[in-house]
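Commentary on secondary and tertiary structure
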Amino acid sequence: MKHSPEFRSKREEERAALKNTAGYKLWSVMFTLLYPFIAIFTFLFSGVIMFFSGISKVLAYLFGGSHARR
């Protein structure tokens, strides 16, 4: 089974066929629309993690005594 001449490999031909499906098009649109929300959530969640990490370091310093210092 020879693939179409405009594609270099059978896999490229398969990828092109998959890009024509409704699922791929829906995924592309949804990802494009939701990407800003995903990025903002990631930024905010990273801030929350850094905040609690800072609290943890302060508590370890306060309650750790001489073992926490080098």
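So, how was this worked out
Residues numbered from 1 in each chain as written. Predicted model: local features only at pLDDT ≥ 70, side-chain atom pairs only at ≥ 80, totals over all residues. Heavy atoms only, no water. Salt bridge = Lys/Arg side-chain N within 4 Å of Asp/Glu carboxyl O. Helix = DSSP H or I, 4+ residues; strand = E, 2+ residues; numbered from the N terminus. Buried < 20%, exposed > 50% of the residue type's maximum accessible area, 1.4 Å probe, protein only. Patch = residues over 30% accessible without salt bridge, like charges linked within 9 Å, V, L, I, M, F, W, Y side chains within 5 Å. Areas by Shrake-Rupley, 256 points an atom, 1.4 Å probe, with all protein chains shown as cover. UniProt positions renumbered as here; feature names shortened; annotations may be inferred. Phe/Tyr/Trp six-rings, centres within 6.5 Å; stacked < 30°, edge-to-face > 60°.

On to the pattern of salt bridges. If you walk through the whole model with that rule in mind, you get one salt bridge. A salt bridge links Glu 14 to Arg 11; the shortest N-O distance between them is 3.2 Å. Here Arg 11 and Glu 14 lie together in helix H1 (residues 10-18), a separation of three residues that amounts to about one turn. For Glu 14, a relative accessible area of 37% translates into the label partly exposed.

What follows concerns a nonpolar patch on the surface. Side chains of Leu 26, Trp 27, Val 29, Met 30, Phe 31, Leu 33, Leu 34, Tyr 35, Phe 37 and Ile 38 sit close together on the surface and give an oily, nonpolar patch of about 1,100 Å² of accessible area. A residue is classified by how much of its surface remains accessible, and Val 29, at 47% relative accessible area, is partly exposed.

This next bit is on the UniProt feature "transmembrane region" (unreviewed entry) in the chain. Per the UniProt record, "transmembrane region" (unreviewed entry) is found at residues 33-63. For residues 33-63, the end-to-end C-alpha separation is 47 Å, with 100% helix and 0% strand making up the annotated structure.

What follows is about the packing of aromatic side chains. Enumeration over the complete set of coordinates arrives at four aromatic pairs. For the ring pair Phe 31 and Tyr 35, a centre distance of 5.6 Å and an interplane angle of 55° mean the geometry is tilted. Of the two residues, Phe 31 and Tyr 35 are both situated in helix H2 (residues 22-64); the distance of four residues between them amounts to about one turn of the helix. Centre to centre, the rings of Phe 51 and Phe 52 are 5.3 Å apart; their planes meet at 75°, and the pair counts as edge-to-face. Phe 51 sits in the exposed class, given a relative accessible area of 52%. Take Phe 52: its relative accessible area is 52%, and that puts it in the exposed class. Ring pairs connect the aromatic residues Trp 27, Phe 31 and Tyr 35, which therefore count as one cluster.

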